[in-house]
Amino acid sequence: MKWLAYGHPVFMTGALVLVGVAFKRGLALRKRRLAGLPRERAQRLAHRSVARWGAGLVILGSISGPVSAIYLRGWSPLGTFHGWLGLMAAILFAVTGWWGWQLDQGASRSVSAHGWSALLAVAMAALAAAAGMVLLP
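Each chain has its residues counted from 1, following the order in which its sequence is written. Totals for whole chains, interfaces and linings use every residue, but because this is a predicted model, local features are given only for residues with pLDDT of at least 70 and side-chain atom pairs only at 80 or more, for both listing and counting. Calculated side-chain values reflect all of the structure's heavy atoms, with hydrogen atoms and water omitted.

1. Examining a nonpolar patch on the surface
To keep it simple, the criterion reads: Any residue with relative accessible area above 30% and no salt bridge may belong to a patch, with like charges joined within 9 Å and the nonpolar Val, Leu, Ile, Met, Phe, Trp and Tyr side chains within 5 Å. Note that accessible areas follow from Shrake-Rupley with a 1.4 Å probe, and for residues the cover is restricted to the protein chains shown. Only one rule defines a salt bridge in this text: a Lys or Arg side-chain nitrogen within 4 Å of an Asp or Glu carboxyl oxygen. Helix and strand definitions here come from DSSP, where helices need a minimum of 4 consecutive H or I residues and strands a minimum of 2 consecutive E residues; each element is numbered from the N-terminal end. Under the scheme applied here, a residue whose accessible area is under 20% of the maximum for its type counts as buried, over 50% as exposed, and between as partly exposed, the area being computed with a 1.4 Å probe on protein chains only.
Together, Trp84, Leu87, Met88, Ile91 and Val95 line one region of the surface with nonpolar side chains, adding up to about 430 Å² of accessible area. Within the secondary structure, Val95 is located in helix α3 (residues 81-105). Residue Val95 is classed as partly exposed on the basis of its relative accessible area of 32%.

2. As for the pattern of salt bridges
Taken as a whole and judged by the stated rule, the model has two salt bridges. Put simply, Asp104 and Arg48 hold a salt bridge, and the shortest N to O gap is 2.4 Å. Of the two residues, Asp104 is situated in helix α3 and Arg48 in helix α2 (residues 41-71); the sequence distance between them amounts to 56 residues. Across the pair Asp104 and Arg52 runs a salt bridge whose closest N-O atoms are separated by 3.2 Å.

3. Quick look at the nonpolar core
Quick note on the threshold: Residues belong to a common nonpolar core when they are buried Ala, Val, Leu, Ile, Met, Phe, Trp, Tyr or Cys residues joined through side-chain atoms within 4.5 Å. In this analysis, two residues are considered to be in contact whenever any of their non-hydrogen atoms come within 4.5 Å of each other.
Judged by nonpolar contacts, the single largest core of 13 residues is most densely connected at Val19, Val58, Leu85, Ala89, Phe93, Met124 and Ala125. Counting residues per element, the ones that place at least two in this core are α1 (4-34), α2, α3 and α4 (111-132). Of the residues forming this core, the biggest block, five residues, is contributed by α4. If sequence neighbours within four positions are ignored, Val58 has contacts with Met12, Ala15, Leu16, Val19 and Phe93.

4. Side note on the environment of Ala126
Counting through the fold element by element, Ala126 comes out in helix α4. Counting along the chain gives 54 residues from Ala126 to Leu72, while the straight-line C-alpha distance between them is 24 Å.

5. Quick look at the side chain of Ser108
Examined against the element boundaries, Ser108 turns out to sit in the loop between α3 and α4. Non-local contacts of Ser108, meaning those with residues more than four positions away in its chain, are made with Gln102 and Leu103.

Right under this line is the structure:
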């Protein structure tokens, strides 16, 4: 069963790559908005599709991390700095996703809040990844 512990870092790396692509596409949308240019529907759809997968997989990985800690390693689920950073990143990704959904539904116009929470989520995920390097099997 220890071989399963190797899967989590690979899974999370893939999820963070998707998040990076979504972040890049979101920055391109922001650049167009600030320049007063229209944000094309195709750009928004491309950002949204990758962002949903990326954020969803990061949140799923944040749930599977404590499960892995308990059942595969015999650790406390939040017994490491990496665990706490991962929890904060997951919360930030959930908030970012919620704001994105609100924007998509037309219930909100807080593009700025969505962008700032995305920036914080990506930064927190990068810190969690760095802190998790020492935990690799």
